[in-house]
Amino acid sequence: MIETSHSVHVDAPVSDVFAYMDRPENQPEITPSLTRSEILEERADGSKRVAYGYGLGGITMDGELDAVEYEPEERVVWEMTGDLSGEITWEFEPEDDGTRVTYAASYDVPGGVLEKLAAPFVKRYNGREVETTLENLKTRVEHDATAEATD
């Protein structure tokens, strides 16, 4: 099992940060290796089931994410199935007039022996991927907030 977790402070209210993250079509804009993210189902409570495509080392992996816990502006837990299986958790906390966003993922890499050989590379790669995703989120939401303030 590969695990990674990072957090970032975003200089914007929790409501804005959550609203951005809660739109699956925004995910490929901030996640470098995510090639697609499409809503398959949106439930009455706002939770979603999403199809994704993710590139890793020249290989595209496809699957679904299902929001199995959905607490708007607080926490979303995604169950991941398909070529990768595991769990992704987003947490949103008010912090110093902004938001602390934590992104944690744990998943299995398919492949038996290949998994054992590739695990250190995949762990480093995905750690950087999560850090980059959060930094891209910070830049995007803070830029959008600044643009709205000047309009």
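Located above this text is the structure these notes cover.
These numbers were taken from a predicted model, which means no experiment stands behind them. Each residue is numbered by its place in its chain's sequence as written, counting from 1. With pLDDT at 70 or above as the cut-off, local features in this predicted model cover only qualifying residues; side-chain atom pairs require 80 or more to be listed or tallied, and sums for whole chains, interfaces and linings still use all residues. Side-chain figures throughout are based on the complete set of non-hydrogen atoms in the structure, without hydrogens or water.

Comments concerning the sheet that holds strand 4 (residues 59-71)
Line of reasoning, step 1. Whether two strands pair comes down to DSSP finding at least two bridges between them. Where helices and strands are cited, they refer to DSSP runs of H or I of at least four residues and of E of at least two residues respectively, numbered from the N terminus. Pairing is antiparallel in the open sheet, where 7 strands are placed in the order 1-7-6-5-4-3-2. Each edge of the open sheet carries a strand with a single partner, namely strand 1 (2-10) and strand 2 (34-42). Within this sheet the neighbouring strands show an average axis-to-axis angle of 20°, counted without direction.
Line of reasoning, step 2. Where strand 6 (residues 85-95) lies against strand 7 (residues 98-108), 11 bridges are found, and the strand directions are antiparallel. Bridge pairing links Phe-92 to Val-101 in strand 7.
Line of reasoning, step 3. When checking whether two residues touch, look at their non-hydrogen atoms; a contact exists if any pair is within 4.5 Å. Axis definition: a line fit to C-alpha positions, over the contact stretch in the case of helices; interaxial angles, taken between N-to-C directions, run 0 to 180 degrees. Contacts between helix 1 (residues 14-21) and the sheet are confined to strand 1, strand 4, strand 5 (75-82), strand 6 and strand 7, with strand 6 contributing the most and set at about 160° to the helix.

Quick look at the side chain of Glu-142
Line of reasoning, step 1. Mapped onto the elements, Glu-142 comes out in helix 3 (residues 113-150).
Line of reasoning, step 2. A distance of 2.9 Å separates a polar atom in the side chain of Glu-142 from a polar atom in the side chain of Lys-138.
Line of reasoning, step 3. When near neighbours in sequence (up to four residues on either side) are disregarded, Glu-142 contacts His-9, Val-10 and Asp-11. Polar contact criterion, stated in full: a pair of N or O atoms within 3.5 Å, where within protein one must be able to donate a hydrogen and the other to accept it, and residues adjacent in sequence count only if both atoms are side-chain atoms.

Some details on the packing of aromatic side chains
Line of reasoning, step 1. Between 30 and 60 degrees the pair is tilted, below 30 it is stacked and above 60 it is edge-to-face, where a pair is any two Phe, Tyr or Trp rings, Trp via its six-membered ring, whose centres lie within 6.5 Å. Per the stated rule, a full pass over the model turns up 3 aromatic pairs.
Line of reasoning, step 2. Aromatic pair Trp-78 and Trp-90: ring centres 5.5 Å apart, planes at 65°, arrangement edge-to-face. Of this pair, Trp-78 sits in strand 5 while Trp-90 sits in strand 6, and the two are 12 residues apart along the sequence. With respect to class, Trp-78 is no different from Trp-90; both count as buried.
Line of reasoning, step 3. What links up through ring pairs into an aromatic cluster is the set Phe-18, Tyr-70 and Phe-92. Relative accessibility decides the category of a residue: with a 1.4 Å probe and only protein chains considered, values under 20% of the type maximum give buried, values over 50% give exposed, and everything between is partly exposed.

With respect to the nonpolar core
Line of reasoning, step 1. Residues belong to a common nonpolar core when they are buried Ala, Val, Leu, Ile, Met, Phe, Trp, Tyr or Cys residues joined through side-chain atoms within 4.5 Å. Counting residues in hydrophobic clusters, the biggest one holds 34 residues, and the most contacted among them are Val-17, Trp-78, Ile-88, Trp-90, Phe-92, Val-101 and Leu-137.
Line of reasoning, step 2. Sorting the residues of this core by element identifies strand 1, helix 1, strand 3 (48-56), strand 4, strand 5, strand 6, strand 7 and helix 3 as the ones contributing at least two each.
Line of reasoning, step 3. Here this core takes 5 residues from helix 1, the largest share from any one element.
Line of reasoning, step 4. Look past the residues within four positions of Trp-90 in its chain and what remains in contact with it is Met-21, Gln-27, Glu-74, Arg-75, Val-76, Trp-78, Thr-102 and Tyr-103.

Details of the environment of Arg-43
Line of reasoning, step 1. When you line up the elements, Arg-43 lands in the loop between strand 2 and strand 3.
Line of reasoning, step 2. Expressed as a C-alpha distance, the spacing of Arg-43 and Ala-67, which sit 24 residues apart in the sequence, is 9.8 Å.
Line of reasoning, step 3. Setting aside its immediate chain neighbours within four residues, Arg-43 contacts Lys-48, Arg-49, Asp-66 and Ala-67.
Line of reasoning, step 4. A distance of 2.5 Å separates a polar atom in the side chain of Arg-43 from a polar atom in the side chain of Asp-66.

Some words on the pairing of strand 5
Line of reasoning, step 1. By the bridge criterion, 8 bridges tie strand 4 to strand 5 in an arrangement that is antiparallel. In the strand pairing of strand 5, Glu-71 is matched with Arg-75.
Line of reasoning, step 2. The antiparallel hairpin formed by strand 4 and strand 5 contains 3 residues in its connecting segment, where Glu-73 sits at a positive phi of about 65°.
Line of reasoning, step 3. Of the strand pairs in this sheet, strand 5 and strand 6 are connected by 6 bridges, and their pairing is antiparallel. Bridge assignment links Val-76 to a residue of strand 6, and that residue is Trp-90.
Line of reasoning, step 4. The turn joining strand 5 and strand 6, which pair antiparallel and follow one another in sequence, is formed by 2 residues.

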